[in-house]
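Listed below, chain by chain, are the residues.
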Amino acid sequence: MVELAWADFLDIPILQWLQILPLLGGCAAYLLRERAVAVWVGRVTAGLELALAIRLYLLVDAGSAALQLSERMDVIGYHVAADGVSTLFVLLAALLFFLLSFYGLVQGLASAGRVTAAVLAAEGALMASLLTLNLAWFIASSAAELGLVAYLLGRWSTSTEENRALAMARFVQFQGFGLALLVAGAVILGWNHADVTEGQWSFDLLDLARTPPEGGYLSAAFFLLFYGLGIRTPIFPLHGWLPHVAHRGMVAVAPVLLLGVKVGVYGMVRFLLPLTPGAVAAWQGYVVAFAMAGVFYTAALAFLQTNLRRLLSFAVVSHTSLIVIGLFTLDASGLQGAVLLAVNFGLAATVMLFMVGFVFRRTRTTDLDRLGGLFDRIPFIAGSFLVGGLAIVGMPGTPGFDAAHLVLEASIHRFGALPTVATALGNVAAAGFLLWAFQRAFLGPASEGGPTTAVERTGLMEYFVGGVAVLVLLAAGFYLEPWFNLTEAALRALADRFVQV
């Protein structure tokens, strides 16, 4: 792995500012408390963060697989850098947080200053996760972000006290266990490095990559990291926390923080695959078999749901299985398809969560039995929800179309036609339950005496939030070449690590 310092590019440490700026904005918003200006501080901060992310995109050499703009402080293990993959995830994160800064006011949340502060702090922690090359820092920043999400879930859940407690319990249990697994995996990798280097512990990606584990170290590190990241992603059968959080937690803010940026997928690309290549190749078939089963199992569960939020949670798990299949093809095309699918799913799921949030604001329910007849009153919200659903299933004109094609092509090459066709059929089933949900919630007849008979029209800020998200989604779908170019070199270099395995 080649590494280039930030000073080779420009005069300011841009990666450091990507992490610090949201924290400064969050502190300002918190000090302003309930004042309306706190919301605008959040918006300005999120806008500047998006500008920094775009600046990063313009600086990174997409044709190079090198880790660029490197910044280090060896005393504390601080080591950050960017390549095409991390830049793509940073862009996605910055865009979603910018939209969240507007969505929060649309929802009319109480304690706007504290919500804004928590969201901006979570953005800073997320940026640290996406930019660090130190596994210990990645785990610590992930824990900080999850802690902030738990705070949001605990303080601003839309459910009763009892249901909120259940959602919080499941979230803390699963995520706490996942973090413990990640810590154990990191300790094993650091221990192995110390064995090889005569007592010098390190959790830095470049150091660990030079001393790959062998034997028992290898399998243990792989399973601990994979299960820990799998809970965060989430993938079948490690998804048990998501339906509870989606149904009984916040409608959109916390779910977007958890699902919009696929940190678990990014962690697999950045740490799991490069650091345990032997175990990845050895267990590849088993992981893909579970992922293929997950496509069908969670799609079947989605058809049984009567609540729109729970249905979307199973849609996320079903389609995340397709991402895992792409990653474990260990093929350059499959890896690139999986990364682009992760970005597509994150943005599409965010669009759908925002629209469900707008529906909940009007009706105070997301039960499908009580919805219906909404299209006539809020056609823009209904249409945006449909676009997000079509993007998730990979319809032409969305980024998921070409990305899914790459995954399926690599799957045929690696695993054969039969399992690939079965996976594609599972994706078709997913299209069925999303369209079924759209029909019931927006096109079906309104329930007698239900809350949808007279709802307010779409507001200006809702047009802005939904419009920007949909435009970005469609623009990326019709013009995906820049994102292919951005990620190709880095992912081809990753795939080359498995040629000799």
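Use the structure listed above.
The following refers to the structure shown. Please read these numbers as outputs of a predicted model, since none were measured by experiment.

## Let's talk about the overall build of the protein
Within the protein, the secondary structure is distributed over 19 helices and 3 strands. Taken over the C-alpha trace, the protein has a radius of gyration of 22 Å; the compact-globule value for 501 residues is 23 Å, and the two agree within 12%. Projected onto its principal axes, the C-alpha coordinates of the protein cover approximately 75 × 55 × 45 Å. The proportion of buried residues among the 501 residues of the protein is 61%.

## What to know about the side chain of T363
You can see T363 is positioned in helix 14 (residues 332-363). Judged by relative accessible area, which is 5%, T363 ranks as buried. Among the polar contacts listed, one links the side chain of T363 to the backbone oxygen of V359, at a separation of 2.9 Å. At 2.9 Å, the side chain of T363 and the backbone oxygen of T365 are in polar contact.

## Here's the deal with the nonpolar core
Of all hydrophobic cores here, the largest spans 171 residues; its most connected members are F328 and F354. Those residues within four positions of F328 in sequence are excluded, and the remaining contacts are F222, F226, L272, V280, Q284, V287, V288 and F415.

## Observations concerning helix 9 (residues 241-248)
Counting buried positions over the 8 residues of helix 9 gives 7, a clear majority of the element. Looking at helix 9, one finds that the buried residues are W241, L242, P243, H244, V245, A246 and R248.

## Focus: the environment of R309
Positionally, R309 belongs in helix 13 (residues 308-327). R309 gets classed as buried once you look at its relative accessible area, which sits at 6%. With 64 residues separating them along the chain, R309 and V245 place their C-alpha atoms 9.3 Å apart.

## A word on the pattern of salt bridges
Inspection of the entire model under this criterion finds 8 salt bridges. When the shortest N-O distance is used, the salt bridge between D74 and R72 registers 3.1 Å. D74 sits in the exposed class, given a relative accessible area of 57%. One connected set of salt bridges, linked through shared partners, spans R361, R362 and E462.

## Side note on the pairing of strand 2 (residues 67-73)
Within strand 2, 5 of the 7 residues are buried, which leaves it mostly tucked inside the rest of the structure. In terms of strand pairing, strand 2 meets strand 3 (residues 78-82) through 4 bridges, oriented antiparallel. Bridged to R72 within strand 3 is H79. Linking strand 2 back to strand 3 in an antiparallel pair, the connection comprises 4 residues, with G77 at a positive phi of about 75°.

## Digging into the packing of aromatic side chains
Counting across every chain of the model gives 23 aromatic pairs. Geometrically, the ring pair formed by Y78 and W137 is edge-to-face, given 5.6 Å between the ring centres and 70° between the ring planes. Taken as a pair, Y78 in strand 3 and W137 in helix 5 (residues 135-155) lie far apart in primary sequence, 59 residues in all. Here Y78 falls in the buried class, since its relative accessible area comes to 7%. Ring plane angle 10° and centroid distance 5.7 Å describe the contact between F222 and F226, whose orientation is recorded as stacked. Taken as a pair, F222 and F226 lie in helix 8 (residues 216-232) at a separation of 4 residues, close to a single helical turn.

Cut-offs used in this document
Residues numbered from 1 in each chain as written. Predicted model: local features only at pLDDT ≥ 70, side-chain atom pairs only at ≥ 80, totals over all residues. Heavy atoms only, no water. Helix = DSSP H or I, 4+ residues; strand = E, 2+ residues; numbered from the N terminus. Rg over C-alpha atoms; globule rule 2.2 N^0.38 Å. Buried < 20%, exposed > 50% of the residue type's maximum accessible area, 1.4 Å probe, protein only. Polar contact = N/O pair within 3.5 Å; in protein donor to acceptor, adjacent residues only side chain to side chain. Core = buried A, V, L, I, M, F, W, Y, C linked by side-chain atoms within 4.5 Å. Contact = heavy atoms within 4.5 Å. Salt bridge = Lys/Arg side-chain N within 4 Å of Asp/Glu carboxyl O. Pairing = 2+ DSSP bridges. Phe/Tyr/Trp six-rings, centres within 6.5 Å; stacked < 30°, edge-to-face > 60°.

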